[in-house]
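# Survey of secondary and tertiary structure
One-letter residues, chain by chain:
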Amino acid sequence: MAGGLGEAERVKGTGKLPDFDKLWDYARPDVTERRFRELLPGALDSLDLSYLAQLLTQLARAEGLQRKFQNAHKTLDRVDKALPKTDGRTLIRYLLERGRVYNSSGNVEDAKRLFLQALDLAVKSKEDLYAVDAAHMVAIVEPPENQLEWNLKALDLAENSADERARSWKGSLYNNLGWTYFGQGNYQEALFMFEKALDFRTQQGDPVNVGVAKWCVAKTLRVMGHTEEALDVQQQLFEEYQAAGKKSGFVYEEIAECMLVLGRDTEAEGWFAAAYNELSKDPTVASDRDRLIRLKTLGKVGMREQV
C-alpha cells in the first residue's frame, strides 16, 4: 500500500480536489451520481489515479443503488484497469463496491468473497473505516444465524477505533443489530439496540438519521403491543416531515398499521392508500409484492371514490 492517506488525500488536503465522500445523499443516488459525474473532468485533469479511481467506485455505488448494475460493473471495470497504479485504499474501496453491486444484483457468493478480501486488507492496513464497512457487509450477506456474530465484530471494530469516521458507524451498526434481533423475534433486544441507535443519532444531529431511528423504535413498540405509544411517535414524525416538505411512505404505513390495531379502520384506509402511493415508487420496496398488494388492498386503491 502507498502509505497512510495516499496521494488522493494529500491532494484533497490542498483544496485542489473536493472530498467527494461528503457529497453523498444515499436517499437520492441519482442526485449523487450527477454530483460525482460533475467531478470527473477535474479528476481526470489532475492525473491522480487514486483519487479518480476512488471517485469512480462511488459513482458505481450510486449506479448500483439505482439498480443500474450493468453500468455499475462497467464503471468498476475502469477502476480495475487502474488498480496497478493506485494504492491499497483504492483496492479496498474497489472490492467493497464490486461486492455491493454483486450483492444487490443477487450474486451473494461473489459479494461475500470480495467483502472478506476487503476486510482482510483493511484490517492489515489499519484502514478502520473500511474494515467496519466490510464487516458490516459480510453480516448482510451471511445467513440470519451468522448475522449477529458479524454485526458484533463490526461494532467491536468501530468502538475500538481511533478513527472518528470508523466510530461514526456505531449508529448504523446498532440499527443493524436491532434488525437482526427483530428478525429473530427478540423484540426486547431489538428495542434496546434501536434506542441506542437513536441516542447516538441524536448526538450526531443529522435529522434524517434521527427520523429513521425514531421510526425503528416506534415500529418495534407496535410489534410489542405498545400501539398507542408507537402511533404517537409516528404521528410526530409525520408532522416533522410535513413541516420539512417531505413525504415518507414508511411512516404512512406504520400509522396505518397502528390505526388498524386500534380499530380505527376508516382512518387506516387513507393512510394505507398514501403508503401504497409512495412505496410503490420506491425501488427498495418494488420486489416486495406481497407488501404492496396488502397496502393497495387495505387502502382500497383504485376502488375509492374520486374526489
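Everything below is about the structure printed above this text.
Described below are features of the structure shown in this document. Keep in mind the model is a prediction, meaning the values are calculated, not measured.

### Thoughts on the environment of A72
- Positionally, A72 belongs in helix α4 (residues 69–82).
- A72 gets classed as buried once you look at its relative accessible area, which sits at 0%.
- Note: C-alpha distance between A72 and R165 (93 residues apart in sequence) is 26 Å.
- The contact partners of A72, leaving out residues within four places of it in the chain, are A60, E63, G64 and V101.

### A few points about the nonpolar core
- Core analysis: the largest hydrophobic core is formed by 85 residues, its most contacted members being Y51, L55, L96, F115, L173 and L295.
- Leaving out residues up to four positions away in the same chain, L295 has contacts with E253, F272, A275, Y276 and L279.

### Topic: the packing of aromatic side chains
- Under the defined criterion, the tally for this structure stands at 13 aromatic pairs.
- Their ring planes at 5° and their centres at 4.4 Å tell us that W24 and Y26 sit as a pair that is stacked.
- Ring geometry for Y174 against F200: centres 6.4 Å apart, planes inclined by 80°, an arrangement best described as edge-to-face. In this pair, Y174 is assigned in helix α10 (residues 170–183) and F200 in helix α11 (residues 187–204), connecting sequence segments 26 residues apart. Assigned by exposure class, Y174 and F200 land together as buried.
- Linked through ring pairs, W179, F182, Y187, F194, W215 and F250 together constitute an aromatic cluster.
- Just above the ring of W24 sits the side chain of R61; from NZ or CZ to the centre is 5.6 Å.

### Quick word on a negative patch on the surface
- A contiguous patch of negative charge, built from E195, D199, E228, E229 and D232, is present on the exposed surface.
- Counting residues per element, the ones that place at least two in the negative patch are α11 and α13 (227–243).
- Among the secondary structure elements, E228 is positioned in helix α13.

Thresholds applied
- Residues numbered from 1 in each chain as written.
- Predicted model: local features only at pLDDT ≥ 70, side-chain atom pairs only at ≥ 80, totals over all residues.
- Heavy atoms only, no water.
- Helix = DSSP H or I, 4+ residues; strand = E, 2+ residues; numbered from the N terminus.
- Buried < 20%, exposed > 50% of the residue type's maximum accessible area, 1.4 Å probe, protein only.
- Contact = heavy atoms within 4.5 Å.
- Core = buried A, V, L, I, M, F, W, Y, C linked by side-chain atoms within 4.5 Å.
- Phe/Tyr/Trp six-rings, centres within 6.5 Å; stacked < 30°, edge-to-face > 60°.
- Lys NZ or Arg CZ within 6 Å of the ring centre and 35° of its normal.
- Patch = residues over 30% accessible without salt bridge, like charges linked within 9 Å, V, L, I, M, F, W, Y side chains within 5 Å.
- Areas by Shrake-Rupley, 256 points an atom, 1.4 Å probe, with all protein chains shown as cover.
- Salt bridge = Lys/Arg side-chain N within 4 Å of Asp/Glu carboxyl O.
- Lys, Arg positive; Asp, Glu negative; His and termini not counted.
- Charge placed at Lys NZ, Arg CZ, Asp CG, Glu CD.

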